[in-house]
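What follows is the residue order along each chain.
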Amino acid sequence: MSEQLVIQGETKQERYEALLPQIKSVVEDEPDLIANMANVAAMLHVTFRFWWTGFYRVQGEELVLGPFQGPMACTRIKKGRGVCGTAWAKAETQVVPDVDQFPGHIACSSASRSEIVVPIFRAGEVVAVLDIDSAELDTFDETDRHYLEQIIKMLS
Ligand code: SME
């Protein structure tokens, strides 16, 4: 496996376009989900310098913290709770421009201002979520949703 290239690009669309083939090459020959989650979290985090980038895995009735980059985080989240538990319960991506306006948002870090959570499916069931936090308001939009959903499909 080669070293991660430094991703450059004027726009985030350009950076996602450059990142997609790198992520594909890293995950396509590796069947272990945890190993792939670890590398995907690292590659997204290094490219975009998010505040927190990581995964929670479904374990029974809870999400349990998985591979991540950034400060320490809450370890367990119940179904339907917070942004992550909502993405799991609704089985759809949540884009949150201002976490203070999201009822029930779980503040693992008071620095987090906006957030996106993308569910990961296997056999039609949510098995995990990708959670990304930004220290700035309104970081995530339809471009992030589009590309992150593509990245997540590589893990499914
Ligand atoms: N804010 C999330 C909890 C996880 S941390 O952001 C890492 C939520 O409301 O589900």
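Everything quoted here is computed from the prediction, not taken from an experiment.

**Q** Account for the state of the cysteines, naming residues and giving values.
**A** Inspection of the entire model under this criterion finds one disulfide. Through a disulfide, cysteine 74 is tied to cysteine 108; the S-S separation comes to 2.0 Å. The chirality of the disulfide connecting cysteine 74 with cysteine 108 is left-handed, given an S-S dihedral of about -125 degrees. Taken together, the residues cysteine 74 in the loop between strand 2 (62-69) and strand 3 (76-78) and cysteine 108 in the loop between strand 4 (94-96) and strand 5 (114-122) connect sequence positions 34 residues apart. Of all cysteine sulfurs, the one in cysteine 108 lies closest to cysteine 84, which takes part in no disulfide; the gap is 7.5 Å. Look at cysteine 84 and you get buried, because its relative accessible area is 4%.

**Q** Run through helix 2 (residues 33-48), naming residues and quoting values.
**A** In an α-helix there are 3.6 residues to a turn, and that puts residues three or four apart on one side. When the terminal C-alpha atoms of helix 2 are compared, their 22 Å separation across 16 residues agrees well with the 22 Å that a helix rising 1.5 Å per residue should span. Looking at helix 2, one finds that the buried residues are Leu33, Asn36, Met37, Val40, Ala41, Ala42, Met43, Leu44, His45, Thr47 and Phe48. Tucked inside the fold, the buried residues of helix 2 contact helix 1 (12-27), strand 1 (52-59), strand 2, strand 5, strand 6 (125-134) and helix 4 (142-153). For helix 2, the side-chain oxygen to backbone nitrogen distance between the N-cap and isoleucine 34 is 3.0 Å, and the N-cap itself is aspartate 32. Of the residues one or two after helix 2, arginine 49 is the one with positive phi, at around 50 degrees.

What counts and how
Residues numbered from 1 in each chain as written. Predicted model: local features only at pLDDT ≥ 70, side-chain atom pairs only at ≥ 80, totals over all residues. Heavy atoms only, no water. Disulfide = S-S within 2.5 Å. Helix = DSSP H or I, 4+ residues; strand = E, 2+ residues; numbered from the N terminus. Buried < 20%, exposed > 50% of the residue type's maximum accessible area, 1.4 Å probe, protein only. Expected span 1.5 Å × (residues − 1). Contact = heavy atoms within 4.5 Å. Polar contact = N/O pair within 3.5 Å; in protein donor to acceptor, adjacent residues only side chain to side chain.

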